[in-house]
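Read off the chains here:
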Amino acid sequence: MAILVTGGAGYIGSHTTVELLATGHEVIILDDFSNSSPKVLDRLKTITGKNIAFYEGSILNKPFLNKIFKENNIEAVIHFAAFKAVGESVKEPLKYYHNNIVGTISLLEVMAENKVKNIVFSSSATVYGVNNISPLTEDMPTSATNPYGYTKVMMEQILNDVAFADKEWSVTNLRYFNPIGAHESGLIGEAPNGVPNNIMPYITQVAVGKLQELSIFGDDYDTPDGTGVRDYIHVIDLAKGHVLALKDNLATTGSHVYNLGAGQGYSVLDLVKTFEKENNVTIPYTIKPRRAGDIATCYANSNKAKEVLGWTAQKTLADMVRDSWRWQSQNPNGYEE
């Protein structure tokens, strides 16, 4: 029995694939390389020593999806395949609603046709919006401030409704916070297209000389040093959370939701200073005005994941910045030569 990992060549999908294989699962990757590289597949083989079944294509293509299910004995899906750049979603909302929501509906329809009713979904802490107070808990109301965020809110709702309508379904929504870090081998890591949207690849690209300096948006928040506080989680801890969520998903029915975060907030300057200290690299930065929609503090209460799944974040902020820099320094241009 195999696990289909949609978006499995991406940042979180590739690390989750490694952890799935390490725990004895058979994995099939589906990816269209819209935000990933074919070279990830060779890197995964080097890390795991295993050939991984792979299909190139989109979840929007239902005949193609049906082919994958017909050719393989799939018992569950871990669904990462989605566009995820906030700024781009504001500029191109239809692109995001079509790919993320229509794609998910397409996937669920094909799963139902093939009687595969177990799915772990890659959601996000962005569904908590800006009005909830940290630490954030799973029972808080959801909202969003941009089209990308709304796609996550809607995708969770669709999955919950499917599980409510058909009691054979098992749906797990994983809301994760700020994944950073990379595999300790330095062979796979975060390699965004163009200028990074997330802070850690921006820092590492400044460190490697691809970008001139880091922009820090706001130093007048009500936080210890005035910069925004966020919950950073190592991508390996996050990947292991997916493995544990899958185990629970296969043993239960209904819909479930879990935060996956370290449960501790670090400021932007904490992150920068820890990176500099651990890697002996200087990161020049400039303070800029606050960005619309940003909040002062955002971190998780992950007690539910601990109690139900037996999951806690193990790696420290120092581990995260060291692994991020190992990846970037060994791969200055990501997966490009």
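Here we summarise the structure given alongside this text. (Residues numbered from 1 in each chain as written. Predicted model: local features only at pLDDT ≥ 70, side-chain atom pairs only at ≥ 80, totals over all residues. Heavy atoms only, no water.)

## Looking at the overall build of the chain
Put simply, the rule reads: Only runs of H or I of at least four residues qualify as helices and only runs of E of at least two qualify as strands under DSSP, and these elements are numbered from the N terminus. Accessibility throughout is a Shrake-Rupley quantity obtained with a 1.4 Å probe, and a residue counts as covered only by protein chains that appear here. A positive count includes Lys and Arg, and a negative count includes Asp and Glu. His and the chain ends are not counted in either. Here the site of a charge means NZ on Lys, CZ on Arg, CG on Asp, or CD on Glu.
Assigned secondary structure in the chain consists of eleven helices and 14 strands. Dimensions along the principal axes, computed over C-alpha positions, put the chain at roughly 55 × 45 × 40 Å. When the accessible area of the chain is evaluated, it comes to approximately 14400 Å², of which 50% is carbon and sulfur surface. Of the side-chain charges in the chain, 29 are positive and 37 negative, and the distance between the mean point of each set is 2 Å.

## Side note on the environment of G261
For the record, the criterion: Here, two residues are considered to be in contact whenever any of their heavy atoms come within 4.5 Å of each other.
As for its placement among the helices and strands, G261 is situated in the loop between strand 11 (254–260) and strand 12 (266–267). Taking C-alpha positions, G261 is 21 Å from P196, a pair spaced 65 residues apart along the chain. The contact partners of G261, leaving out residues within four places of it in the chain, are F177, D231, I233, A300, S302, W311 and A313.

## Overview of the environment of S185
Take S185: it is sitting in the loop between strand 7 (178–180) and helix 7 (199–207). Sequence separation between S185 and N259 is 74 residues, and the spatial gap between their C-alpha atoms is 27 Å.

## Some thoughts on the environment of A165
Under the convention used in this document: For every residue, the accessible area (1.4 Å probe, protein chains only) is compared with the maximum for its type, and the residue is labelled buried under 20%, exposed over 50%, or partly exposed between those bounds.
Structurally, A165 is set in helix 6 (residues 147–165). The exposure class assigned to A165 is exposed, which follows from its relative accessible area of 68%. Each C-alpha atom, one on A165 and one on G254, is 9.7 Å from the other, the two residues being 89 residues apart in sequence.

## As for the packing of helix 9 (residues 268–279) against helix 11 (residues 317–330)
This is how it is decided: Lines fitted to C-alpha atoms define the axes, with helix axes restricted to the stretch in contact, and inter-axis angles between N-to-C directions lie between 0 and 180 degrees. Convention used here: angles under 35 degrees read as roughly parallel, angles over 145 as roughly antiparallel, angles from 65 to 115 as roughly perpendicular, and any remaining angle as oblique. Crossings are assigned a handedness: left-handed for a near helix turned anticlockwise from the far helix by less than a right angle, right-handed for a clockwise turn.
Interhelical geometry of helix 9 versus helix 11 gives an angle of 65° and a closest axis separation of 9 Å. Classified by the angle between their axes, helix 9 and helix 11 sit roughly perpendicular to one another. Where helix 9 crosses over helix 11, the two elements pack in a sense that is right-handed. Side by side, helix 9 and helix 11 meet where D270, L271, T274, F275, E278 and N279 of the first sit next to L317, A318, V321, R322 and W325 of the second.

## Things to note about the sheet that holds strand 12
Heads up, the condition is: Here, any two strands with at least 2 DSSP bridges between them count as paired.
Read from one edge to the other, the open sheet built from three strands follows the order 12-9-14, with strand pairing classed as mixed. Here the strands that pair on one side only, and so sit at the sheet edges, are strand 12 and strand 14 (297–298). Where strand 9 (residues 229–230) and strand 14 come together, two bridges link them in parallel fashion. Bridge pairing links R230 to C298 in strand 14.

## What about the sheet that holds strand 2 (residues 26–31)?
A sheet is described by the order of its strands in space; here seven strands give the open sequence 3-2-1-4-5-6-11, paired in parallel fashion. Two strands close off the open sheet at either side, each with one partner strand: strand 3 (53–56) and strand 11. Across the sheet, the mean angle from the axis of one strand to that of its neighbour is 20°, orientation sign disregarded. The sheet contact formed by strand 1 (residues 2–6) and strand 2 spans five bridges and is parallel.

## Brief notes about the pattern of salt bridges
The condition that has to hold: By definition here, a salt bridge exists when the distance from a side-chain nitrogen of Lys or Arg to a carboxyl oxygen of Asp or Glu is within 4 Å.
Within this structure, the stated rule accounts for 13 salt bridges. E168 serves as the salt-bridge partner of K117, at 2.9 Å between the closest nitrogen and oxygen. Of this pair, K117 sits in the loop between helix 5 (93–113) and strand 5 (118–124) while E168 sits in the loop between helix 6 and strand 6 (170–176), placing them 51 residues apart in sequence. Each of the salt bridges in this network shares a partner with another, and the network as a whole consists of K277, E278, D319 and R322.

Keep in mind these numbers describe shape, not what the thing actually does.
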